[in-house]
Amino acid sequence: GVPSGVTGSRGGLAFLAGNPDTLLIGGNANGPNGTIYSIGLVRDSDGHITGFDGGASMFASAPEIDGGLAYGPGGVLFYTGYNENLLGQIKPGSTAPDKVISLGPLGVERSVGTLNFVPTGFTGTGEIRLMSYNTSAFYTASLTPDGSGTYDIGNIVKRTSLPGAGPEGLVYVPTGSALFPDPTALVTEFGKNEVAAYDLDPDGIPVYASRRTFVSGLSGAEGGAIDPVSGDFLFSTFGTA
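Residues numbered from 1 in each chain as written. Predicted model: local features only at pLDDT ≥ 70, side-chain atom pairs only at ≥ 80, totals over all residues. Heavy atoms only, no water.

1. Comments concerning the overall build of the chain
Moving on, step 1. Of the regular secondary structure elements, the chain holds 0 helices and 18 strands.
Moving on, step 2. In terms of C-alpha radius of gyration, the chain reaches 16 Å, essentially the compact-globule figure of 18 Å for 241 residues.
Moving on, step 3. Here the C-alpha coordinates of the chain stretch approximately 45 × 40 × 30 Å along the principal axes.
Moving on, step 4. Burial status across the chain gives 50% buried among its 241 residues.
Moving on, step 5. In the chain, the share of contacts with a sequence separation of at least 24, taken over all contacts with a separation of at least 6, comes to 46%.
Moving on, step 6. Of the roughly 9800 Å² of accessible surface on the chain, 50% is carried by carbon and sulfur atoms.
Moving on, step 7. In the chain, the 11 positive side-chain charges and the 22 negative ones have mean positions that sit 6 Å from each other. (Helix = DSSP H or I, 4+ residues; strand = E, 2+ residues; numbered from the N terminus. Rg over C-alpha atoms; globule rule 2.2 N^0.38 Å. Buried < 20%, exposed > 50% of the residue type's maximum accessible area, 1.4 Å probe, protein only. Contact = heavy atoms within 4.5 Å. Areas by Shrake-Rupley, 256 points an atom, 1.4 Å probe, with all protein chains shown as cover. Lys, Arg positive; Asp, Glu negative; His and termini not counted. Charge placed at Lys NZ, Arg CZ, Asp CG, Glu CD.)

2. Quick word on the packing of aromatic side chains
Moving on, step 1. Under the criterion given, the structure shown has 9 aromatic pairs.
Moving on, step 2. Seen in terms of ring centroids, phenylalanine 78 and tyrosine 151 are 6.4 Å apart; in terms of plane orientation they differ by 40 degrees. Their pairing is tilted. Taken as a pair, phenylalanine 78 in strand β6 (residues 77-81) and tyrosine 151 in strand β12 (residues 151-161) lie far apart in primary sequence, 73 residues in all.
Moving on, step 3. The rings of Tyr82, Tyr133, Phe190 and Phe238 are connected pair by pair, giving a single aromatic cluster. (Phe/Tyr/Trp six-rings, centres within 6.5 Å; stacked < 30°, edge-to-face > 60°.)

3. Details of the sheet that holds strand β2 (residues 22-27)
Moving on, step 1. Ordered by their spatial adjacency, 4 strands build an open sheet running β1-β2-β3-β4, and the pairing between neighbours is antiparallel. Whereas interior strands pair on both sides, the edge strands pair on one side only; in this sheet they are β1 (13-15) and β4 (49-61). Neighbour-to-neighbour, the strand axes of the sheet open up by a mean angle of 25 degrees, direction not taken into account.
Moving on, step 2. In terms of strand pairing, strand β3 (residues 35-43) meets β4 through 8 bridges, oriented antiparallel. Bridge assignment links leucine 41 to a residue of β4, and that residue is phenylalanine 52. (Pairing = 2+ DSSP bridges. Axes fitted to C-alpha atoms, helices over the stretch in contact; angles between N-to-C directions.)

4. Description of the side chain of glutamate 64
Moving on, step 1. Its place among the elements puts glutamate 64 in the loop between β4 and β5 (65-71).
Moving on, step 2. Salt bridges are absent for the buried glutamate 64, whose nearest opposite-charge side chain, arginine 110, sits at 8.0 Å.
Moving on, step 3. Those residues in contact with glutamate 64, other than ones at most four positions away along the chain, are Asn30, Gly31, Pro32, Gly34, Thr80, Gly81, Tyr82, Asn83, Glu84 and Leu86. (Salt bridge = Lys/Arg side-chain N within 4 Å of Asp/Glu carboxyl O.)

5. Looking at the nonpolar core
A general feature of soluble globular proteins is that nonpolar side chains tend to end up buried together.
Moving on, step 1. Phe78, Leu103 and Ile153 are the most contacted members of the largest nonpolar core, which totals 18 residues.
Moving on, step 2. Counting only elements with at least two residues in this core, the list comes to β9 (112-117), β10 (128-132), β11 (137-145) and β12.
Moving on, step 3. Sequence-distant contacts of leucine 103, defined by excluding residues within four places in its chain, comprise Asn85, Leu86, Leu87, Val108, Val112, Ile153 and Ile156.
Moving on, step 4. Among the nonpolar cores identified, the runner-up in size contains 13 residues, and Phe122, Phe138, Ala185 and Leu200 belong to it. (Core = buried A, V, L, I, M, F, W, Y, C linked by side-chain atoms within 4.5 Å.)

6. Here we look at the sheet that holds β5
Moving on, step 1. With respect to topology, 4 strands assemble into an open sheet ordered β5-β6-β7-β8, the strand pairing being antiparallel. Pairing within the sheet leaves two strands with one partner each, and these edge strands are β5 and β8 (99-102). Pairwise comparison of adjacent strand axes, ignoring direction, gives a mean angle of 20 degrees for this sheet.
Moving on, step 2. Pairing analysis gives 5 bridges linking β6 to strand β7 (residues 86-90), with the strands arranged antiparallel. Bridge assignment links phenylalanine 78 to a residue of β7, and that residue is glutamine 89.

Function cannot be read off these values alone, since they describe shape.
The structure is reproduced here in structure tokens:
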């Protein structure tokens, strides 16, 4: 349902580090007043999320926040900024970005839409992955500590462009999941109002020809995340209702 207190269009979502019963979600997406909100979750006896616990509160400002929102090394929260083609970083305890990187000069086609970090069990564990909203390009990259608790990004390489339109969320299906015998990534595709599944090749790159629809009719498909408790897939939509 609609998270009470999250204003404007929604962006990406992630679970608060160390607290799987709190969800982080972007609001006022794609604008200068972009904000990350936190909101409690209600679960049933099997651990599945059934609703929200109260209203949302501000977690941190995140100008231009889009569909990418994920924790990276050092507990830093990374987010993508559209349409200024930005990568923002928020250190633990901060309520505003501690570092913002312009990705255009580094080779990312305008504008970035989403990001995530490769989980354990997949090729490239721990590395950052980026996708361009406008071109559906998929990039590998590396992070280097900058000495201030945040990171520089480099070695950005475009590996493929996928057939979907407007990628906003990128999540990795947990290994051993039913119906997914091979390494798989899910991509929320704003331009198609769908979530697509892609097989990953031995280098961890989505295979262009493997695309199949996972969820259809999802108007304004935006961010995505895997619930660390239940393994359920969560998604956000850009619309305010």
